Amino acid sequence: MDGNGRWALKRHLPRNTGHKEGIKAMMRIADACHKLSVPYVSFYAFSTENKNRPSGEVKGLVSLMEDNFSRLSSELEANNIRLNVIGDITYFGSKVQKIIETGVEKTRYLTGGVFNIALNYGGRDELCRAAELYKNSDGNAKLSDFLYTAGQPDPDILIRTGGEKRLSNFMLYQLAYTELFFSDTYWPDFSEAELNDIVDEYYKRERRFGK
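Residues numbered from 1 in each chain as written. Predicted model: local features only at pLDDT ≥ 70, side-chain atom pairs only at ≥ 80, totals over all residues. Heavy atoms only, no water.

1. Topic: helix 3 (residues 55–78)
The cut-off we apply is this: By definition, any uninterrupted DSSP run of H or I lasting at least four residues is a helix, any uninterrupted run of E lasting at least two residues is a strand, and each is numbered from the N terminus. A helix is expected to span 1.5 Å multiplied by its residue count minus one. Think of it this way: the bend at a residue is just the angle between two axes, each fitted to seven residues, one set ending at that residue and the other starting at it. When accessible area is computed with a 1.4 Å probe and restricted to protein chains, residues below 20% of their type maximum are described as buried, those above 50% as exposed, and intermediate ones as partly exposed. What makes two residues a contact is simply this: any of their non-hydrogen atoms within 4.5 Å.
Taking 1.5 Å as the rise per residue, helix 3 with 24 residues should run 34 Å; its terminal C-alpha atoms sit 35 Å apart, in good agreement. Its axis deflected by about 45° at Asn68, helix 3 carries its strongest bend there. By the burial criterion, the buried members of helix 3 are Glu57, Val58, Gly60, Leu61, Val62, Leu64, Met65, Asn68, Phe69, Leu72, Ser73 and Leu76. Where helix 3 is buried, its residues contact helix 2 (15–35), strand 1 (40–47), strand 2 (82–86), helix 4 (94–106) and strand 3 (114–121).

So, in structure tokens, the structure goes:
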């Protein structure tokens, strides 16, 4: 979900105002995916590298998480969608961890879809974690069984907004054969119409998976 800060700066607003608008966009696009009957949707909200941003911006991001996470989980619960957090949430304080854990728990058994949100997530960290767990397993499992997305299919589509054209440490294992789409639109302006155009384009592509 790239371009929140640049969206704000273009309007002479604080960067965290852009992140606040980015949360609204996330909920809007999640609802659009639900309308399309997309069973799994994932949002990269806070990366392991985001911790290196200026402290004021990081604090603002964590505050937004604290203020909005309960509402997010309640809306997902109302739509029968399970919340799954991917990443190492021990980075966050105990208050935020409790909010996250409560949201995950109250949607744990819902069956209408899965909403993945990546918090303090990095694809390289995920692979190192999975490899360590795999090494200590009984040998009957696969490496993918120890990813944060274990039990989920690999993504069909990756959309990156804001004009960036790289993966930036997101789902490095899972995206091996995912169809990639890059948009110049800043995330707060990303619309349901643009999402639908991307889905239409996806269905025109021939997926051969190396065969």
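Further notes follow.
2. As for the side chain of Asn68
With respect to the helices and strands, Asn68 occurs in helix 3. Classification of Asn68 by relative accessible area gives buried; the value is 18%.

3. Quick notes on the pattern of salt bridges
Our working rule: Criterion for a salt bridge: a side-chain nitrogen of Lys or Arg within 4 Å of a carboxyl oxygen of Asp or Glu.
In total, this model carries 20 salt bridges according to the counting rule given. A salt bridge links Arg166 to Glu164, with the shortest nitrogen-to-oxygen separation between them at 2.9 Å. One salt-bridge network, in which partners are shared between bridges, spans Asp156, Glu179, Glu201, Arg205 and Arg207.

4. Some points on the nonpolar core
What counts, and what does not: Take the buried residues of types Ala, Val, Leu, Ile, Met, Phe, Trp, Tyr and Cys, join any two whose side-chain atoms come within 4.5 Å, and each joined set is a nonpolar core.
Residues Phe69, Phe92, Ile100, Phe115, Ile117 and Leu119 are the most contacted members of the largest nonpolar core, which totals 36 residues. Of all the elements in the fold, those that place two or more residues in this core are helix 2, strand 1, helix 3, strand 2, helix 4, strand 3 and helix 6 (192–204). If we skip the residues at most four places from it in the chain, Phe115 touches Met26, Ala30, Val41, Phe43, Leu72, Leu76, Ile81, Arg82, Leu83 and Asn84. Judged by nonpolar contacts, the second largest core, of nine residues, contains Tyr148, Leu158, Met171 and Leu175.

5. Brief notes about the packing of helix 3 against helix 4
The condition that has to hold: In this analysis, axes come from line fits to C-alpha atoms, helices being fitted only over the stretch in contact, and the angle between any two N-to-C directions falls in the range 0 to 180 degrees. Between 65 and 115 degrees an angle is taken as roughly perpendicular, under 35 as roughly parallel, over 145 as roughly antiparallel, and anywhere else as oblique. Any residue that is not Ala, Val, Leu, Ile, Met, Phe, Trp, Tyr, Cys, Pro, Asp, Glu, Lys or Arg is counted as polar, Gly included; the first ten are nonpolar and the last four charged.
Closest axis-to-axis distance for the helix 3/helix 4 pair is 9 Å, and the angle between their directions is 10°. Relative to helix 4, the element helix 3 is oriented roughly parallel. Packed against helix 3, whose contacting residues are Val62, Met65, Glu66, Phe69, Ser70, Ser73, Ser74 and Glu77, the element helix 4 presents Lys95, Val96, Ile99, Ile100, Gly103 and Lys106 at the interface. Here the residues of the contact of helix 3 with helix 4 sort into six nonpolar, four polar and four charged.

6. Let's talk about the packing of aromatic side chains
To be explicit about the condition: Stacked, tilted and edge-to-face pairs are distinguished by plane angle, under 30 degrees for stacked and over 60 for edge-to-face with tilted covering the rest, among Phe, Tyr and Trp rings (Trp via its six-membered ring) whose centres lie within 6.5 Å. Throughout this description, the term charge over a ring refers to an Arg CZ or Lys NZ atom that lies within 6 Å of the ring centre and within 35 degrees of the ring normal.
Overall, the coordinates contain 13 aromatic pairs when judged by the stated rule. For the pair Tyr44 and Phe170, a centre-to-centre distance of 4.5 Å together with 25° between the ring planes defines the contact as stacked. With Tyr44 in strand 1 and Phe170 in the loop between strand 4 (157–160) and strand 5 (179–182), this pair connects stretches of sequence that are 126 residues apart. Cation over ring: Lys51 sits above Tyr91, and NZ or CZ is 4.9 Å from the ring centre.

7. Focus: the side chain of Asn84
Defined as follows: For the purposes of these results, a polar contact is taken to be a pair of N or O atoms within 3.5 Å, where, inside protein, one atom must be able to donate a hydrogen and its partner to accept one; residues adjacent in sequence count only when each atom of the pair is a side-chain atom.
Topologically, Asn84 is positioned in strand 2. Residue classification places Asn84 among the buried residues on the basis of a relative accessible area of 14%. A polar atom in the side chain of Asn84 sits 2.8 Å from the side chain of Asn116. Beyond its immediate sequence surroundings of up to four residues, Asn84 is in contact with Val114, Phe115, Asn116, Ile117, Tyr148 and Gln152.

8. Some words on the sheet that holds strand 3
Rule in force here: A pair of strands counts as paired when DSSP detects no fewer than two bridges linking them.
The parallel open sheet is built from three strands, whose spatial order is 1-3-2. Single-partner strands in this sheet number two, and they are strand 1 and strand 2. In this sheet, neighbouring strand axes are inclined to one another by 20° on average, regardless of whether the strands run parallel or antiparallel. Pairing analysis gives seven bridges linking strand 1 to strand 3, with the strands arranged parallel. Each residue of the ladder has a partner; that of Ser42, found in strand 3, is Asn116. The sheet strands contacting helix 3 are strand 1, strand 2 and strand 3, and the helix crosses strand 3 at an angle near 165°.

9. What to know about the environment of Asp154
Examined against the element boundaries, Asp154 turns out to sit in the loop between helix 5 (123–135) and strand 4. In this structure Asp154 comes out as partly exposed when scored by relative accessible area, which is 45%. As for Asp154 and Arg207, which are separated by 53 residues in sequence, their C-alpha atoms are 13 Å apart.

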